[in-house]
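Breakdown of the fold
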Amino acid sequence: MFERQIYINRREELKKKFKSGLLLFLGNDEAPINYAGNTYNFRQDSSFLYYFGLPIPNLAGIIDIDENKEYLFGYEFTLEDIVWMGPQPKLAELAERVGVANSESINNLKKFLKGKISKGVKVHFLPLYRAEHNLKLASLLDDDPFKINKKASKKLIEAVVEQRSVKSSEEIAEIEYALEIAYQMHTTAMRMAKPGITENDIYAALNGIAFSLGNGVSFHPIISVNGQTLHNHFHGNQLKEGQLLVCDAGAESLEFYASDITRTIPVGGKFSQRQKDIYEIVLTAQKNAINMIKPGVKHVDVHLTAAKIIAAGLIQLGIMKGNPGEAVKAGAHALFFPHGLGHMMGLDVHDMEGLGEQYVGYDDKTKRSDQFGLAYLRLAKELKPGFVFTCEPGIYFIPELIDQWKAKKKLKNFINYDKVEEYRNFGGIRIEDNILVTENGYKVLGRLIPKEVADVEAAVNSQG
Ligand code: GLY
Ligand code: MN
Ligand code: MN
C-alpha cells in the first residue's frame, strides 16, 4: 500500500466535488471458481483500492459528506479465520492504515444506510460489474437487483473518472514497475520464440514472471500465431519457423497498477520481406501517433493519423488504393485495422472501463462514431497531462471479414481485393506501448522493449 496520507488526500480531493450525500465504495468479495472455498486470485475493486487502499475482501468504504466522517465497514476476523489464515489485523487497525477514523461491523451497514436514507441523504455509488454486488447493494438499499445498476451516480462516476485519469508521480512509478515486469516477460517471449516451442510454453513462462515479480498478469496474455484474431485466448499451437507470434501481455505491480505491451515476433528470428513490409507500416504508424501526443490534442485525431499511415502503407503495397485520407474517412482501413488505437491504463488495464467508456474516453466535445472500427475507439477525447494510455496500432488479415467485405464489394474503390487474397493467411501484427502525457508532450513509459525489426530479430536470436 501507499502511505496513509495518499489515501487521505485522494478522499479529500473527492469530497471537494460534493456538497452533500454519502459516497459508498463496495470492495470486492472472494469469487469462487468451482466451489466456495476454491477461489480466483483475489482482486480488489480498483476504485476501492484508489480511495481505501486495502486489498482485502468484504470491505465497504463510506465518505459521509454531510457529517464529514469516513467509515470502513467490514468483518472482524474470528479465531477460526486465524487458524486457517494466520494472525490478522483488527478492523480498526485496517482503517487506521488508510487514515479512516471510524470502523464498524458490516452487519450494521444496512441499518446505517437506512438511517441516512430516512433523513433524505442521497447515497452515491459506482456502477457494479459483479452480479453478487447487485444482490448485495439491492439488499442494502431495499431495491431491485436487476435495476439497481441504473441508479449508479453519474456525479460520482464523473468525479472519480476525473481524479483517477490524472496519474500522480507514485502511480507512474508503479506503472513503470509493471512495465519493468513486462520487459522481462516480452524479452523472455522473444528468446523462447523458436520452432517446436508451444504458445502454452510462453504463456506459462510469462505468467510465472508476472507472479514472481508482481501481482500476476494484468489480463490473460494473448500469445498467438493467429494474431489476426485480436484477443485470441487459445495457446495450444506449436510454433513453426517463419510464423508471426503476437504477444500481448502485461503485469500488475504490487500495488495493482497495470502494464499492457504488445510485440509481434518472427518465430525463429527472421522476418520475411512481406512480414517486414507490413511490420514497418505498423511501426511507422505507432511512432508517428506517439509523436503527436501532447495536452490539448484529441486522441481520436491521433487514431485517425495512425489509420491514414496504415492506409498509405497498404496503398503502396497495392493492397489498398486511392487517397489515404479519403479511404480513412470512408472507413476502408478498418478492414485491416478494426480496433481503436488505445485505451486509458492505470489500476485497470482498460482503466475505469467498469465506470463506463462514455465517461472515460468521451465527453460533450467528443462523441463516439458509429463507423465500423472507429466505433471501438475507447479513448477519443482531448488529452491532459497525467493521462496514461496505450498506443497500439495493428494490421490484420481476418479471412472471415475479408470474405464478407469482398462479397459485398464493400468500399471497392479503396480496396484491391485480388491483392488482399495474397495476404489471406498472413496473420496479424500489433505493436503496443504505454504513454504518459506530460506538460508539453509525452513520455513512453518503461524500458525500451525491442521493437525495431533488427532489434526484435536480435532478441529472438539472443541466448539471454
Ligand atoms: N491487452 C488488451 C488490449 O491491448 O487492449
Ligand atoms: Mn494489450
Ligand atoms: Mn491495450
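Summarised in this report is the structure supplied together with it. Given the structure is predicted, the values throughout are model-derived calculations rather than measurements.

**Thoughts on the overall build of the protein**
In terms of helices and strands, the protein carries 16 helices and 15 strands. Relative to a compact globule of 464 residues, whose C-alpha radius of gyration would be 23 Å, the protein shows 24 Å and is just as compact. Expressed along its principal axes, the backbone C-alpha trace of the protein runs to roughly 70 × 50 × 40 Å. In the protein, the proportion of contacts linking residues at least 24 apart, taken out of those at least 6 apart, comes to 73%.

**Looking at helix α16 (residues 453–461)**
Restricting attention to buried positions, one finds in α16 the residues Val453, Val456, Glu457, Ala459 and Val460. Relative to the axis of α16, the buried residues are bounded by an arc of 160 degrees and lie together on one face. Next to the buried residues of α16 lie α8 (169–192), β10 (261–266) and α10 (273–291).

**Considerations on the coordination of the manganese ion (ligand 3)**
Bound to the manganese ion (ligand 3) on the protein side are Asp260 (OD), His343 (NE2), Glu392 (OE) and Glu432 (OE), at distances that span 2.1 to 2.2 Å. Metal-centred angles of 49 to 157 degrees between the six donor atoms at the manganese ion (ligand 3) mark the site as irregular. Of note, the manganese ion (ligand 3) draws all its donor residues from one chain, in the sequence arrangement D-x82-H-x48-E-x39-E. The two metals, the manganese ion (ligand 3) and the manganese ion (ligand 2), are separated by 3.2 Å and share Asp260 as a common coordinating residue. One end of the pair, Glu392, is in the loop between β11 (388–391) and β12 (394–396); the other, Glu432, is in the loop between β13 (428–430) and β14 (433–437), and 40 residues separate them in sequence. Of the residues examined, Glu392 reaches a relative accessible area of 9% and is grouped as buried. Relative accessible area serves as the criterion here: at 0%, Glu432 is assigned to the buried category.

**With respect to the packing of aromatic side chains**
Where two aromatic rings form a pair, the distance of their centres and the angle of their planes describe that pair. Counting across every chain of the model gives 16 aromatic pairs. One aromatic cluster in this structure is built from Phe25, Phe48, Tyr50, Tyr51 and Phe52. Above the plane of the ring of Trp405 lies Lys410, whose end atom (NZ or CZ) is 4.2 Å from the centre. Looking at Arg447, its charged tip hangs above the ring of Tyr183, at a distance of 3.7 Å from the centre.

**With respect to the sheet that holds strand β7 (residues 123–125)**
In spatial order, the strands read β6-β5-β4-β1-β7; together these five strands make up an open sheet with mixed pairing. Only two strands of the sheet have a single partner each, and these edge strands are β6 (102–105) and β7. Looking at each pair of strands side by side, their axes are set apart by 25 degrees on average, direction ignored. Relative to strand β5 (residues 69–74), strand β4 (residues 60–64) is paired through five bridges, and the arrangement is antiparallel. If you follow Ile63 over to β5, its bridge partner there is Glu70. Of the strands in this sheet, β1 (22–26) and β7 touch helix α6 (residues 131–141), which is tilted by about 145 degrees from β1.

**Concerning the coordination of the manganese ion (ligand 2)**
Any two of four tetrahedral donors ideally make an angle of 109.5 degrees at the metal, while pairs among six octahedral donors ideally make 90 or 180 degrees. Taken together, the protein ligands of the manganese ion (ligand 2) are Asp248 (OD), Asp248 (OD), Asp260 (OD) and Glu432 (OE), with distances of 2.0 to 2.6 Å. Coordination at the manganese ion (ligand 2) is irregular, judged from the six donor atoms that bind it and the angles of 54 to 166 degrees they form at the metal. Each donor residue of the manganese ion (ligand 2) lies on the same chain, and together they follow the pattern D-x11-D-x171-E.

**Some points on the pattern of salt bridges**
Within the structure shown, the criterion is met by 36 salt bridges. Note that Arg164 and Asp351 form a salt bridge whose closest N and O atoms lie 3.1 Å from each other. Of this pair, Arg164 sits in helix α7 (residues 154–165) while Asp351 sits in the loop between α12 (324–330) and α13 (357–360), and the two are 187 residues apart along the sequence. The exposure classification of Arg164 matches that of Asp351, with both residues buried.

**A short note on the sheet that holds β10**
Hydrogen bonds between backbone groups are what pair the strands of a sheet, and the pairing can be parallel or antiparallel. Strand order in the open sheet formed by three strands is β8-β9-β10, and the pairing between neighbours is antiparallel. This sheet does not close on itself; its edge strands, each paired only once, are β8 (222–224) and β10. The sheet shows a mean angle of 10 degrees between the axes of neighbouring strands, taken without regard to direction. Two elements, β8 and strand β9 (residues 244–249), share three bridges in a ladder whose sense is antiparallel. Along β9, the bridge assignment pairs Ile223 with Cys247.

**Re the site of ligand 1**
Every residue lining ligand 1 is accounted for by Phe219, His231, Asp248, Asp260, His343, His350, Glu392 and Glu432. Between ligand 1 and Glu392, the relevant distance is 2.9 Å, taken from an oxygen atom to a side-chain nitrogen or oxygen of the residue. Between Glu432 and ligand 1, the recorded distance is 3.3 Å, taken from a side-chain N or O atom to an oxygen atom. In isolation ligand 1 offers 200 Å² of accessible surface; the protein chains occlude 95% of this area. Of the residues assigned to the shell around ligand 1, the class counts are one nonpolar, three polar and four charged.

Here is what the cut-offs are and how they apply
- Residues numbered from 1 in each chain as written.
- Chains lettered and ligands numbered in written order.
- Predicted model: local features only at pLDDT ≥ 70, side-chain atom pairs only at ≥ 80, totals over all residues.
- Heavy atoms only, no water.
- Helix = DSSP H or I, 4+ residues; strand = E, 2+ residues; numbered from the N terminus.
- Rg over C-alpha atoms; globule rule 2.2 N^0.38 Å.
- Contact = heavy atoms within 4.5 Å.
- Buried < 20%, exposed > 50% of the residue type's maximum accessible area, 1.4 Å probe, protein only.
- Arc of directions from axis to C-beta.
- Donors = N, O, S within 2.8 Å, 3.2 Å for Na, K, Ca; no water.
- Tetrahedral: all angles 85-135°; square planar, octahedral: opposite > 155°, others 65-115°.
- Phe/Tyr/Trp six-rings, centres within 6.5 Å; stacked < 30°, edge-to-face > 60°.
- Lys NZ or Arg CZ within 6 Å of the ring centre and 35° of its normal.
- Pairing = 2+ DSSP bridges.
- Axes fitted to C-alpha atoms, helices over the stretch in contact; angles between N-to-C directions.
- Salt bridge = Lys/Arg side-chain N within 4 Å of Asp/Glu carboxyl O.
- Near = heavy atom within 4 Å.
- Polar contact = N/O pair within 3.5 Å; in protein donor to acceptor, adjacent residues only side chain to side chain.
- Areas by Shrake-Rupley, 256 points an atom, 1.4 Å probe, with all protein chains shown as cover.
- Nonpolar A, V, L, I, M, F, W, Y, C, P; charged D, E, K, R; others polar.

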